[in-house]
Amino acid sequence: MSTERRAMLSLHTRRSRLHAAVATGLGALVLCASVHAAPPATWWNDIVNDRVSDVRHNLARGADPNEVDPEGLPSLMLAIRSDSWKVYDALLAHRRIDIEQQNKHGETALMYLALLGETERAHDLIARGAQVNKLGWTPLHYAASKGQTETARMLLDVGAIVNAPAPDGTTPLMMAAYSGNRETVQLLLDAGADATAVNLQKLTASDWARERRHTQLADELDRLADRTQAQREGRLAAEPQKKRAEPASGTSRYFDLDRFERED
């Protein structure tokens, strides 16, 4: 056999091997895609019931820790909502977990932890890179909405913006007033919260308090807002402000608090 013929056969062999390798690789990718196309059949029940051994088994077999349920809720956030803390730890330990993954409402795992007052877990998640401040609703809004004072304090300590506006201008102080928790309200005021701020519906913190019939707190916030405005205008005293008419609905539709009400 001539040298030229042997060279051509050798080239053909290398090409055939390359094509086979590419085909094998593509086949593996297709197989992987099919493996991750849907979560294991028991995945969501395992999370809700905190069956950590089953979740770890499925993760070891290639389950995606960032699976999203039919309602648009990421696995990590479902674990938080279900108080499935063993599963939460297992998911969080996975190398591919996305701690900033959002649900269909733009909420994050840190916001859920803030809402529940899980201060230590929230602090640990921040240490891993979770964002304390973001456009729109923030973890501080969520902590304030349920009067989670210690969580709110921790968030402020790590740089949370006290007067951060939600998409409709609602502030954490308004959320704290809505909760009726005086300690949280005072914490935010001490950190520089503005009692005179209004959102796009022209509602103040006192309006939010009054909506939930926290009447005394609402009156105190009105007096504070009057004094603050008087100081800004250089007046020695502010005229008593007329009682505001109760709004038809002060609850912002951006942040549906009813979704987080738990049945006893």
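Cut-offs applied
- Residues numbered from 1 in each chain as written.
- Predicted model: local features only at pLDDT ≥ 70, side-chain atom pairs only at ≥ 80, totals over all residues.
- Heavy atoms only, no water.
- Core = buried A, V, L, I, M, F, W, Y, C linked by side-chain atoms within 4.5 Å.
- Buried < 20%, exposed > 50% of the residue type's maximum accessible area, 1.4 Å probe, protein only.
- Helix = DSSP H or I, 4+ residues; strand = E, 2+ residues; numbered from the N terminus.
- Contact = heavy atoms within 4.5 Å.
- Salt bridge = Lys/Arg side-chain N within 4 Å of Asp/Glu carboxyl O.
- UniProt positions renumbered as here; feature names shortened; annotations may be inferred.
- Phe/Tyr/Trp six-rings, centres within 6.5 Å; stacked < 30°, edge-to-face > 60°.

As recorded in an unreviewed UniProt entry, the chain goes by Ankyrin repeat domain-containing protein and comes from Yanghanlia caeni.

Chemist: Could you give me a rundown of the nonpolar core, with the residues and numbers involved?
Modeler: Among the nonpolar cores identified, the biggest contains 66 residues, and Trp43, Ile47, Tyr88, Leu91, Leu125, Leu155 and Leu188 are the most heavily contacted of them. The greatest single-element share of this core, amounting to 7 residues, is contributed by helix 6 (residues 109-116). Not counting residues within four places of it along the chain, the set of residues in contact with tyrosine 88 comprises Leu76, Ala79, Ile80, Leu113, Arg121 and Leu125.

Chemist: Report on the pattern of salt bridges, specifying residues and quantitative values.
Modeler: Summed over all chains, the structure comprises 10 salt bridges. Here arginine 51 and aspartate 54 are joined by a salt bridge, their closest N and O atoms 3.8 Å apart. For arginine 51, a relative accessible area of 33% corresponds to the partly exposed category. Counted as one network, the salt bridges with shared partners bring together Asp46, Arg51 and Asp54.

Chemist: Let's hear about unusual backbone geometry: which residues, and what values?
Modeler: Its identity as a non-glycine residue notwithstanding, aspartate 83 has a phi of 55°, on the positive side. Following the sequence through the fold, aspartate 83 ends up in the loop between helix 4 (75-81) and helix 5 (85-93). The phi dihedral of arginine 213 falls on the positive side, at around 65°, and the residue is not glycine. Mapping arginine 213 onto the fold places it in the loop between helix 12 (205-211) and helix 13 (215-233).

Chemist: Before we move on, can you summarise the environment of glutamine 229 with the specific residues and values?
Modeler: Mapped onto the secondary structure, glutamine 229 falls in helix 13. We classify glutamine 229 as partly exposed; its relative accessible area is 30%. C-alpha of glutamine 229 to C-alpha of threonine 196: the two residues are 33 residues apart in sequence and 7.3 Å apart in space.

Chemist: Residue-level account of the UniProt feature "repeat: ANK" (unreviewed entry) in the chain, with values.
Modeler: Look at the UniProt record and you will see "repeat: ANK" (unreviewed entry) annotated at residues 135-167 and 168-200. As a span, residues 135-167 carries 48% helix and 0% strand, and end to end its C-alpha atoms are 8 Å apart. For residues 168-200, helix accounts for 52% and strand for 0%, while the C-alpha atoms at its two ends are 5 Å apart.

Chemist: So what's going on with the packing of aromatic side chains? Residues and values would help.
Modeler: Each aromatic ring pair is characterised by the separation of its centres together with the angle its planes make. In total, this model carries 2 aromatic pairs according to the counting rule given. Look at tryptophan 85 and tyrosine 88: their rings are 5.4 Å apart centre to centre, the planes differ by 80°, and that puts the pair in the edge-to-face class. Here the residue tryptophan 85 and the residue tyrosine 88 both occupy positions in helix 5, the gap between them amounting to 3 residues, near one helical turn. When its relative accessible area of 1% is taken as the criterion, tyrosine 88 is described as buried.

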